[in-house]
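A look at the structure
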Amino acid sequence: RWPTGESQDEHKDFDYHPYTSILYLNDDYKGGETVVGDQTILPEKNKLIGFEGDKTTHKVNEIIQGTRYTLPCWYKNA
């Protein structure tokens, strides 16, 4: 749950979580785009993105209006 005014600074995930995915649960808000490397990903309900979170910088832009809901997951090598 990401209310209005929330954001996340640019970062990389822990090395024990090499893979990251984010499922967008809604898109009825403004702002809150995910930036992965130099690509800005626009939120769309039911969109799933995946990337190497421990190698690629990523961030969440400020939510301008409404509430952003996502389901993030982190994966490790077996």
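Here goes a summary of the coordinates provided.

Thresholds applied
- Residues numbered from 1 in each chain as written.
- Predicted model: local features only at pLDDT ≥ 70, side-chain atom pairs only at ≥ 80, totals over all residues.
- Heavy atoms only, no water.
- Core = buried A, V, L, I, M, F, W, Y, C linked by side-chain atoms within 4.5 Å.
- Buried < 20%, exposed > 50% of the residue type's maximum accessible area, 1.4 Å probe, protein only.
- Helix = DSSP H or I, 4+ residues; strand = E, 2+ residues; numbered from the N terminus.
- Contact = heavy atoms within 4.5 Å.
- Phe/Tyr/Trp six-rings, centres within 6.5 Å; stacked < 30°, edge-to-face > 60°.
- Lys NZ or Arg CZ within 6 Å of the ring centre and 35° of its normal.
- Pairing = 2+ DSSP bridges.
- Axes fitted to C-alpha atoms, helices over the stretch in contact; angles between N-to-C directions.
- Salt bridge = Lys/Arg side-chain N within 4 Å of Asp/Glu carboxyl O.

1. What about the nonpolar core?
If you look at the biggest cluster of nonpolar residues, it comprises seven residues: Ile-22, Tyr-24, Tyr-29, Val-36, Ile-41, Ile-49 and Phe-51. Those elements that place two or more of their residues in this core are strand 2 (19-24) and strand 6 (48-51). Among residues more than four places away in sequence, those in contact with Ile-22 are Thr-34, Lys-47, Leu-48, Ile-49, Phe-51, Thr-70, Leu-71 and Pro-72.

2. Digging into the packing of aromatic side chains
How two aromatic rings sit relative to each other is set out by the distance from centre to centre and by the angle between their planes. Under the defined criterion, the tally for this structure stands at one aromatic pair. Between Phe-14 and Tyr-16 the ring centres are 5.2 Å apart and the planes differ by 5°, which places this aromatic pair in the stacked class. The aromatic ring of Trp-2 is capped on one face by Arg-68, whose charged end is 4.9 Å from the ring centroid.

3. Topic: the sheet that holds strand 1 (residues 8-11)
Backbone hydrogen bonds hold the strands of a sheet together, and the pairing may be parallel or antiparallel. Taken together, four strands build an open sheet; the order of strands is 1-7-4-5 and the sheet is antiparallel. For this open sheet the edge positions go to strand 1 and strand 5 (39-41), each flanked by a neighbour on one side alone. Along the sheet, successive strands turn relative to each other by an average axial angle of 15°, direction set aside. Bridge count for strand 4 (residues 34-36) against strand 5 is three bridges, and the pairing is antiparallel. In the strand pairing of strand 5, Val-36 is matched with Gln-39.

4. Section: the pattern of salt bridges
Overall, the coordinates contain three salt bridges when judged by the stated rule. The salt bridge involving Lys-55 is made with Glu-52; its shortest N-O contact spans 3.9 Å. Its relative accessible area of 51% is what places Lys-55 among the exposed residues. Residue Glu-52 is classed as partly exposed on the basis of its relative accessible area, which comes to 36%. Where Asp-54 meets Lys-55, a salt bridge forms, and the shortest distance between an N and an O atom there is 3.9 Å. Each of the salt bridges in this network shares a partner with another, and the network as a whole consists of Glu-52, Asp-54 and Lys-55.

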